[in-house]
Amino acid sequence: MFRAWPCLAKIRFVVRIRRTQINNKIIRTDPVRIGIVGGTGGMGGGFALRWSRDHEILVGSRDAGRASEAAARYAEAAGAAHGTSPSISGVTNEEAASADVLVLSIPYGQIDAVCPGVLEKAGPGCTVISPIVPMKKTDTGFEFIPMADGLPPAHEAVSKHMRDPSMLVSAFHAVSEKKLEKIPREVRCDIFVCGDGKGSVDLVKGLVSEIPGLNPVYLGPGRLAYLAEMATPLLLNAMIRGGPKNPGISLS
Ligand SMILES: NC(=O)c1ccc[n+]([C@@H]2O[C@H](COP(=O)([O-])OP(=O)(O)OC[C@H]3O[C@@H](n4cnc5c(N)ncnc54)[C@H](OP(=O)(O)O)[C@@H]3O)[C@@H](O)[C@H]2O)c1
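Residues numbered from 1 in each chain as written. Predicted model: local features only at pLDDT ≥ 70, side-chain atom pairs only at ≥ 80, totals over all residues.

(A) Quick look at the sheet that holds strand S5 (residues 101–104). One open sheet holds the eight strands; their spatial order is S4-S3-S2-S5-S6-S9-S10-S11, and the pairing between them is mixed. On the outer flanks of this sheet lie strand S4 (88–92) and strand S11 (214–220), each paired with one strand and no other. Averaged over all pairs of adjacent strands, the angle between strand axes in this sheet comes to 25°, irrespective of strand direction. Two elements, strand S2 (residues 33–37) and strand S3 (residues 56–61), share four bridges in a ladder whose sense is parallel. Paired with Gly 35 across the strands is Leu 58, a residue of S3. (Pairing = 2+ DSSP bridges. Helix = DSSP H or I, 4+ residues; strand = E, 2+ residues; numbered from the N terminus. Axes fitted to C-alpha atoms, helices over the stretch in contact; angles between N-to-C directions.)

Pasting the structure below:
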């Protein structure tokens, strides 16, 4: 959907906040099984390549054949970069929901079509990650759909399909797929994390910090996730109007 995103790698925003709010430590997570719904897309590939160093990955798709092809591609690239034999398999989106952590790497407009069937298959202990940005490109620029069209932010839209909304964590909105897929290169930016359940939030902060150069910054409960989601059109509008050219969001 956001193939224009690679350009985000050219911008860098420096937002001043107190250093004490930033957690620069790497929090190692025990190996988990991570399912990626829409794992054949650019972000799905980035997540698979990064996390397959330490975790088992289920690449999900509407089409199991497409998922298997993507999984084989990711396994080859990750194996070469990490010097390991990663466990990456291609499955249907519903099968991916058997994981301990499920990433909803799908376009905003597909939340209501995809989530009911997938989330009903997720176990009660499954932490769900939403990197979904409700954004569209118009003649004006990149617009935030909740403000432009009065639709709910992505976190709220996904929450409605969750048995336990406290297991939903929003993160990874302002990092480009192009930066994620360049393994093993450092990404070097901060990642806003929003959610209501401490266990799920801590797990996702750990997964963020395992990606070299990424730093998790807890922004608050899920109700505030719209602020993290809004960062993306903000950055992209600045970029297309000649904003700073260095990559990522850096809080310092
Ligand atoms: N791209 C970025 O750099 C970036 C950065 C930050 C956040 N995000 C957010 O991360 C999410 C994924 O981004 P992306 O660029 O990877 O998305 P994408 O490539 O547009 O789509 C990801 C996957 O979603 C599935 N999909 C597409 N249309 C669908 C439909 N109509 N119904 C069901 N599934 C469909 C496809 O998988 P199958 O066809 O195999 O089912 C596709 O490979 C988005 O919500 C985006 O806002 C993206």
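Structure shown, so let's carry the discussion forward.
(B) Focus on the confidence of the model for the protein chain. Of the residues in the protein chain, 87% reach a pLDDT of 70 or more, and the chain-wide mean stands at 89. Per-residue pLDDT stays below 50 along residues 1–24; that stretch engages in 48 contacts with residues further than four places along the chain or on separate chains. (pLDDT = per-residue confidence, 0-100. Contact = placed C-beta atoms within 7 Å.)

(C) Spotlight on the pairing of S2. With four of five residues buried, S2 is to be regarded as a mostly interior element. Of the crossover connections in this fold, the one passing from S2 over helix H1 (residues 42–51) to the parallel S3 is right-handed. Judged from the four bridges that link them, S2 and S5 form a sheet pairing that is parallel. By the bridge assignment, Ile 34 is partnered in S5 with Val 101. (Buried ≥ 20, exposed ≤ 12 C-beta atoms within 10 Å, placed from the backbone. Right-handed = clockwise from strand over helix to strand, strands pointing away.)

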